[in-house]
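As a plain string of letters, each chain reads:
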Number of protein chains: 2
Amino acid sequence: MTVSHDSMANAIRALAMDAVEKAKSGHPGLPMGAADMATVLFTKVLKYDASAPHWADRDRFVLSAGHGSMLLYALLYLTGGQGMTIEQLENFRQLGSLTPGHPEYHHTVGVEMTTGPLGQGISSAVGMALAERMLNAEFGDIVDHHTYVLCSDGDLMEGVSQEAIAIAGHLKLNRMIVLYDDNGISIDGPTSVSDSVDQIKRFEACGWNASRIDGHDPAAILAAVEKAQGSDKPSLIACRTTIGFGAPTRAGTSKAHGEALGAGEIEGARRNLHWPYAPFEVPGDILETWRAAGVRGASARQQWEKRLAALDPAKRAEFERRLSGKLPAGFAAAVQAFKEKAAGETAPIATRKAGEAVLAALAPAVPELITGSADLTGSNNTKVAATPAIAPGNYAGRYVHWGIREHGMAAAINGMALHGGFIPSGATFLVFSDYCRPSLRLAALMGLRHIEVLTHDSIGLGEDGPTHQPVEHLAALRAIPNLNVFRPADLTETLECWQVALESAHTPSILALTRQNLRQVRTSVMQDNLCARGAYELSAADGHANGPAQVSIFASGSEVEIALDAQKLLADKGVAARVVSVPCMDIFLEQDEATRRRVIGDAPVKVAVEAAIRMGWDAIIGSDGAFVGMSTFGASGPYKKLYEHFGITPQAVAAAAMARHNG
Amino acid sequence: MTVSHDSMANAIRALAMDAVEKAKSGHPGLPMGAADMATVLFTKVLKYDASAPHWADRDRFVLSAGHGSMLLYALLYLTGGQGMTIEQLENFRQLGSLTPGHPEYHHTVGVEMTTGPLGQGISSAVGMALAERMLNAEFGDIVDHHTYVLCSDGDLMEGVSQEAIAIAGHLKLNRMIVLYDDNGISIDGPTSVSDSVDQIKRFEACGWNASRIDGHDPAAILAAVEKAQGSDKPSLIACRTTIGFGAPTRAGTSKAHGEALGAGEIEGARRNLHWPYAPFEVPGDILETWRAAGVRGASARQQWEKRLAALDPAKRAEFERRLSGKLPAGFAAAVQAFKEKAAGETAPIATRKAGEAVLAALAPAVPELITGSADLTGSNNTKVAATPAIAPGNYAGRYVHWGIREHGMAAAINGMALHGGFIPSGATFLVFSDYCRPSLRLAALMGLRHIEVLTHDSIGLGEDGPTHQPVEHLAALRAIPNLNVFRPADLTETLECWQVALESAHTPSILALTRQNLRQVRTSVMQDNLCARGAYELSAADGHANGPAQVSIFASGSEVEIALDAQKLLADKGVAARVVSVPCMDIFLEQDEATRRRVIGDAPVKVAVEAAIRMGWDAIIGSDGAFVGMSTFGASGPYKKLYEHFGITPQAVAAAAMARHNG
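The sections below set out a description of the structure shown in this document.

Calculation notes
- Residues numbered from 1 in each chain as written.
- Chains lettered and ligands numbered in written order.
- Predicted model: local features only at pLDDT ≥ 70, side-chain atom pairs only at ≥ 80, totals over all residues.
- Heavy atoms only, no water.
- Pairing = 2+ DSSP bridges.
- Helix = DSSP H or I, 4+ residues; strand = E, 2+ residues; numbered from the N terminus.
- Axes fitted to C-alpha atoms, helices over the stretch in contact; angles between N-to-C directions.
- Contact = heavy atoms within 4.5 Å.
- Buried area = accessible area lost by both parts, 1.4 Å probe.
- Salt bridge = Lys/Arg side-chain N within 4 Å of Asp/Glu carboxyl O.
- Polar contact = N/O pair within 3.5 Å; in protein donor to acceptor, adjacent residues only side chain to side chain.
- Least-squares fit on C-alpha atoms with pLDDT ≥ 70 in both.
- Core = buried A, V, L, I, M, F, W, Y, C linked by side-chain atoms within 4.5 Å.
- Buried < 20%, exposed > 50% of the residue type's maximum accessible area, 1.4 Å probe, protein only.
- Phe/Tyr/Trp six-rings, centres within 6.5 Å; stacked < 30°, edge-to-face > 60°.
- Lys NZ or Arg CZ within 6 Å of the ring centre and 35° of its normal.
- Disulfide = S-S within 2.5 Å.

**Quick look at the sheet that holds strand β17 (residues 551-555) of chain A**
Residue and element names in this part refer to chain A.
Thought 1: Taken in spatial order, the five strands of this open sheet run β16-β18-β17-β19-β20, and their pairing is mixed. One side of each edge strand has no neighbouring strand; the edge strands of this open sheet are β16 (536-539) and β20 (626-628). Here the average twist between neighbouring strands, direction ignored, is 30°.
Thought 2: Pairing of β16 with strand β18 (residues 577-581) involves three bridges; the strand directions are antiparallel. For Tyr-536, the partnering residue across the bridge sits in β18 and is Ser-581.
Thought 3: On top of the sheet, helix α23 (residues 593-600) reaches β16, β17, β18 and β19 (605-609); it is set at about 135° to β18, its chief contact.

What follows is the structure in structure tokens.
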């Protein structure tokens, strides 16, 4: 006896409404409305094996509408996902459960991505679909899967979704299939309160296939997905559904969206759905059928493993290394070779150009490193010989022209990192980190190796003026937990910061680089990576390391040379000053207290200089330390004049130090 | 003898290439490509009077592609804009000139908005067009103008533009006309490198008219604009142009975009354009014709002034008050009446509910106050009886359902503030301030009265978990210059913070409000607005103001009650503690030093408590002060359990104080 589709779908609906009811918090509407779509996907479409959730070639499923988390948790329970017991569903939204309010990557096995902030899931899925094609271009058909997305009205209203679908359509990512839960309801009421977009036409305008079906008709869903699988474009399937399907009075209304239904509605829903079972009870035959669906991909997975085992051993080893996230054997040697070359460099150079030199040296040794830019290739300097650009339909390459889409870029990079096989990086101006902050935050929350090269990192960019000059951005990015902001001072520091970024497997990194030339401040070759400590004494007082100093000057990036010049001015006045370079404040503040104390030193006067706001620096110089930097927005003019105008000069640093020294 | 269109347009081209050449920096490509569009607009279409640049009913012109600033500066010079001399053009991009790299509102007369960050201009223009209709609904045909936008590929690639065009199409803002400089070139090369979007179809999908014309054909431009003026929808006119039109080898290439052309190209362009004049020279007849165009709207303006003078005096006075930005006479009384009511309130209440009560009391007295929400109306609590919603074609209302479009909302609110006549506010969750940061930054840079009600302001939102719990956002927003972040602790503080926000004519404000209930901490009626000082002693040690205290506890918002409870715990141990409420750190740190010292006090132990990161607090408690708050992302669970889990409790505050007191 076979279990009907409706029974399978109703198991999802019942678990979702019961869990939300027990938590007295959550979103029953989406799981109940999208249960038919999910049932077709997880029982008939998706290539996966619940007993091997990390199978590299599994289809990816992203619940972009993360508030419908109970849909995913119910699916994980029903298909036999690791650790997903009925008790976990009963503990929905409780501290420490595997079932938090929104799905959390790394926290719950089977969750491909942390979602909840709308628009992020669909946009990161673009990166997954791209990574799949790029890995396929490199390793062949051992990589051969689809990326499915379930998204909501909110996902499609968020602007980032436009950036995502535009680049996905442009790149012809035909293995991306989006099911849109087109329920016509948002929190404020019918979507007609705020929206009139013809989504079919919009997606078609962006190079997608798009169709509309009844989202409660399993045959229609299956047919639409199968058609999409054969397309040469990405596909949108708009599925007309009823939010809270089954609930007697709340179905089809915004009341079904984001709160517990209440006992009466749930009783009525059980009647309407012919689901007479107790809360959290799934009858044996239904559960068995679901569990069987959960492992229907097992033989495909085993065949894939055989194919993998049959690959050329070197190719297989490289493929496995790539998926493991381990850096290649040649990495350390490439780093050291560059250090030796860099130490001999004496010409002034912008750190964005230093970054280009680093990439030119490391990219050949690290084939998983992908670079790109949001239409600032010649300014960000992230394209090198080893990173040719990909193109629509041709994914053999290592560079992505993202277009003027910082947010879509950062979201897609998250998806590439989540997919595995790559260390993806993007690039834009530092000031435009504001445009992609939601994705950077998610990278930090998920612990992804996501690298952003953010150039033009201060008023030092000059004439473009205050709209383009970051002032608060270093502080605002340092504020994000588990995100490292690097601001190297020269060629060697740029190499060292790139090295730490590449080695940080679970922390995203920002490389803040200058437009303007800086002189080389590190001229001796060292085995150690000094930037890996976050801060270090670059120039001791009187030439003796940790020698007695009357003044400590702390600086990052372009202001390190100002600090060194101030040190000389102070020496001329008989004041012994040391200079501490602070390429990564985040890492420095995580060092043990003894290390921090040693680097900060005990000079009675502490001065920090950074062409940005003070916020954050007090942790190093104390609230009684002197700070030379910015407190307002910048201005348009040649950069040397701006440094003078805003008083960020060796003279100002020396004067601030002298005032405290004498005061 | 009439001057030809080509000569008029070539004056723009020549000034643009000459100014960029002299500055050796800037963007000649757009002004040269868009000169024909601009010439038609400024000589035949736009309703304006260069001799009265602040005429309230002028058509608005927004150069969304702000990098093409020389287009605007050339137009201002040619039409006789205030202060825009040839010397200013010669000082393009120099410190202190009226011609900075990107157009700056308030800095240069005639610049309607600061642009440069792409996507912002077109999105704020939606707010201008909306403000025009809403003011028209209120005051009639004395408000009757269009909003024109000149945008670039980059503007349309940025996601915020999708949010903007979707809401503009939905609201049928038919007085918005966008000319798209469709030159097919971006920095990385042809736009085909990264884009395949059919913009005509995309705009149509969003409820716009859209057409494509030759952007160098003045008759076609005029015809398209005139057609658009008669439409019942907003209109896109895609104008095919050649970037750098006239430059012999760089025209039509990305080399024309963002750098000086060089002497050879400029010589060739002069030949191609039949422009034999010296750099910065505009022949008399051409300049005269331009100057005449600049005042062709003078009689219309004078007639408008007559119509204004003929209005009912009360209506005219109110209209003029509204445009002046002055608050109404009844404002102070409404504030005081609420204070008296609030002081009697004893029931615990969430500050988002307190905000609703404040709005209910103040909105009737402040008719220019517009509220709204990005689809969180029931959660943000910003809709009250006095603010009925507007709808497509019906602009009599004071509430906007923005949809799930935080960025588009914030950008449009900038436009409403720029237009004048309103104090616009928006609302979403605090964590989603990340989605609209570029617009918030521009609001701060432009000095706009833009208010955002950002609720669910900490882990206190509970079960929605880390994706929805702000941790770093208070610091990241406080980091923006000229932006005030308010975090009130109860009903009275919420009123006071709203009052300061409404009175801050040139500074945007964030109101960070709780989801969870808080108890009332201010129970006496005062004339003074204590929150206007940023911080104040809420509870003295031993009951005596500024009395001898051994511990000072600083807190904001929901942690103020924790501070008060800690004060009691310390009193039980014989330790005298005072509590300082810090509803606005930004304002507090701008007080004079004596005031700051007095409020900070001289208790030897300083503790701050805020359910967010420490960054910024050192300015008050010193780097040796104790901080009780967050250092990681949050978690999903009931909020009281989260406060326990993360150790943000009266006990933890008291323990931190005791450790320093004893240590």
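**Looking at the interface of chain B and chain A**
Thought 1: Listed per partner, the contact involves 94 residues of chain B and 95 residues of chain A.
Thought 2: A combined buried area of about 7,600 Å² lies between chain B and chain A, and 59% of that area is made up of carbon and sulfur atoms.
Thought 3: For the pair chain B and chain A, the interface holds ten salt bridges.
Thought 4: Among the ionic pairs, Arg437(B) bridges to Asp434(A), the shortest N-O distance being 3.0 Å.
Thought 5: Across the chain B-chain A interface, the total number found is 51 residue pairs in polar contact (both at pLDDT 80 or more).

**What about the relation of the copies chain B and chain A?**
Thought 1: When chain B is fitted to chain A, the best match, at an RMSD of 0.0 Å, comes from turning it 180° and sliding it 0.0 Å along the axis. Such a combination of turn and shift is consistent with a two-fold rotation axis. Across chain B, the rotation axis passes nearest the C-alpha of Gly159(B), at a separation of 1.9 Å.
Thought 2: By residue overlap, the copies meet face to face through one surface: 100% of the interface positions of chain B are interface positions in chain A.

**So, the sheet that holds strand β17 (residues 551-555) of chain B**
Residues and elements named next belong to chain B.
Thought 1: The sheet built from five strands is open, its strands ordered β16-β18-β17-β19-β20 with mixed pairing. The open sheet terminates on both sides in strands that have one partner only, identified here as β16 (536-539) and β20 (626-628). Strand-to-strand twist in this sheet, taken as the mean axis angle between neighbours without regard to direction, amounts to 30°.
Thought 2: Running at roughly 160° to strand β19 (residues 605-609), helix α26 (residues 650-662) makes contact with β17, β19 and β20 of the sheet.

**Some words on the pattern of salt bridges**
Thought 1: Applying the stated criterion to the full structure yields 74 salt bridges over all chains.
Thought 2: Each of the salt bridges in this network shares a partner with another, and the network as a whole consists of Glu138(A), Glu318(A), Arg321(A), Arg322(A) and Glu368(A).

**Examining the nonpolar core**
Thought 1: Counting 144 residues, the largest nonpolar core has Ile553(A), Ile648(A), Ile553(B) and Ile648(B) as its most contacted members.
Thought 2: In contact with Ile553(B), not counting residues within four places along its chain, are Ala563(B), Ala566(B), Gln567(B), Leu570(B), Ala577(B), Arg578(B), Val579(B), Val580(B), Val607(B), Val609(B) and Val653(B).
Thought 3: Counting residues in each nonpolar core, the second largest holds 61 residues, with Val40(B), Leu41(B), Leu75(B) and Trp275(B) among its members.

**Here we look at the packing of aromatic side chains**
Thought 1: Counting across every chain of the model gives 22 aromatic pairs over all chains.
Thought 2: Arranged with centres 4.8 Å apart and planes meeting at 85°, the rings of Trp275(B) and Tyr277(B) form a pair that is edge-to-face.
Thought 3: We classify Tyr277(B) as partly exposed; its relative accessible area is 26%.
Thought 4: When the ring of Phe432(B) is compared with that of Tyr435(B), the centres are 5.7 Å apart and the planes differ by 80°; the resulting orientation is edge-to-face.
Thought 5: Here Tyr435(B) falls in the buried class, since its relative accessible area comes to 6%.
Thought 6: Joined through ring pairs, the aromatic side chains of Trp55(A), Phe139(A), Trp304(A) and Phe319(A) make up one cluster.
Thought 7: We note Lys383(B) situated over the ring of Tyr399(B); from NZ or CZ to the ring centre the distance is 5.5 Å.

**Focus on the state of the cysteines**
Residues and elements named next belong to chain B.
Thought 1: One pass over the structure, following the stated rule, counts zero disulfides over all chains.
Thought 2: Cysteine Cys-497 shares no disulfide, and the gap to the nearest cysteine sulfur, in Cys-531, comes to 3.9 Å.
Thought 3: Residue classification places Cys-497 among the buried residues on the basis of a relative accessible area of 0%.

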